[in-house]
Amino acid sequence: THLIDPQTPPGVYEGTISVGGATRKLKLIVQASIKVDVTPVVFTFQGTAPGKAHTTFITLTNNGNMPFQIPEVKHVTMVDMDYLCRATAIAIRSDGASKSYEAMMDELTRNVFKNMTDWLNASIKEAGQVLDPGEKKLVELTLTLPENAHMDRDYSGEIRPWDQVISYTIKSHNPIKPSKK
């Protein structure tokens, strides 16, 4: 077994090796490897007001053997985890549900459309910069809620800037008002 530095650039490397007292020619082919690690990969924020921006930092590490350009991240799906349950319950209780399956599904589709938010805007401030093999960089990630977000709903989703997954949850944090008796 012959180990090489993981950041060895791709290419063909020739040399000699001694095996059992004999010198032999050696040809080592190093394949291109893009491997970027992200930490942390799970975030929780508070506040779901329309247009609210949440900023955090992630560390990117280029563990491959090729330069890696930090990608632009643009629009990300933001899901209210209860919207499908809410839309389904409304559809099942609708007048059309007792008439036909198609009428219930039409009502379900209308409610999904009504309750689904626009895209969450995600951006990495350092997008376009290049990480050399072995380099590590702290970068700024900002998530901006769409204008049709609801202050009283919790949202979650995933950002997939390349082959990594960053998960987020945004909690509404609306204090419960005491009931009047």
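Keep in mind that this is a model prediction, so the values were computed, not measured.

A. Structural detail: the side chain of Glu 126. Secondary-structure assignment places Glu 126 in the loop between strand S9 (120–124) and strand S10 (130–131). An unpaired buried charge is present at Glu 126: no salt bridge exists, and Lys 125, the closest side chain of opposite charge, is 5.6 Å distant. Within the structure, Glu 126 has its side chain in polar contact with the backbone nitrogen of Glu 140 (distance 2.9 Å).

B. Quick look at the pairing of S9. Here S9 shows a clear split, with Leu 120, Ala 122 and Ile 124 buried on one side and none of Asn 121 and Ser 123 buried on the other. For S9 and strand S11 (residues 136–144), the ladder comprises four bridges, and the chain directions are antiparallel. Residue pairing in the sheet places Asn 121 in a bridge with Thr 144 of S11.

C. Local environment of the packing of helix H1 (residues 83–93) against helix H2 (residues 101–115). One way to put it is that H1 packs onto H2 with a least axis distance of 8 Å and a crossing angle of 145 degrees. Considering the relative orientation of H1 and H2, their crossing is right-handed. Residue-level contacts link Tyr 83, Leu 84, Arg 86, Ala 87, Thr 88, Ile 90, Ala 91 and Ile 92 of H1 to Met 104, Glu 107, Leu 108, Asn 111, Val 112 and Asn 115 of H2. Within the contact of H1 with H2, the residues separate by chemical class into nine nonpolar, three polar and two charged.

D. Focus on the environment of Ser 167. Locating Ser 167 in the fold gives a position in strand S13 (residues 166–171). Sequence separation between Ser 167 and Phe 43 is 124 residues; the distance between their C-alpha atoms is 6.4 Å. Once residues lying within four places of it in the same chain are set aside, the contact partners of Ser 167 are Val 41, Val 42, Phe 43, Gly 157 and Glu 158.

E. A look at H1. Listing the buried residues of H1 in full gives Tyr 83, Ala 87 and Ala 91. Taken end-on, H1 shows its buried residues confined to a sector of 60 degrees, consistent with a single buried face. In H1, the exposed positions angled more than 90 degrees off the buried face are occupied by Cys 85, Ile 92 and Arg 93. In the core, the buried residues of H1 are packed alongside strand S8 (79–80) and H2.

Parameters and conventions
- Residues numbered from 1 in each chain as written.
- Predicted model: local features only at pLDDT ≥ 70, side-chain atom pairs only at ≥ 80, totals over all residues.
- Heavy atoms only, no water.
- Helix = DSSP H or I, 4+ residues; strand = E, 2+ residues; numbered from the N terminus.
- Buried < 20%, exposed > 50% of the residue type's maximum accessible area, 1.4 Å probe, protein only.
- Lys, Arg positive; Asp, Glu negative; His and termini not counted.
- Salt bridge = Lys/Arg side-chain N within 4 Å of Asp/Glu carboxyl O.
- Polar contact = N/O pair within 3.5 Å; in protein donor to acceptor, adjacent residues only side chain to side chain.
- Pairing = 2+ DSSP bridges.
- Axes fitted to C-alpha atoms, helices over the stretch in contact; angles between N-to-C directions.
- Left-handed = near helix turned anticlockwise from the far one by under 90°.
- Contact = heavy atoms within 4.5 Å.
- Nonpolar A, V, L, I, M, F, W, Y, C, P; charged D, E, K, R; others polar.
- Arc of directions from axis to C-beta.

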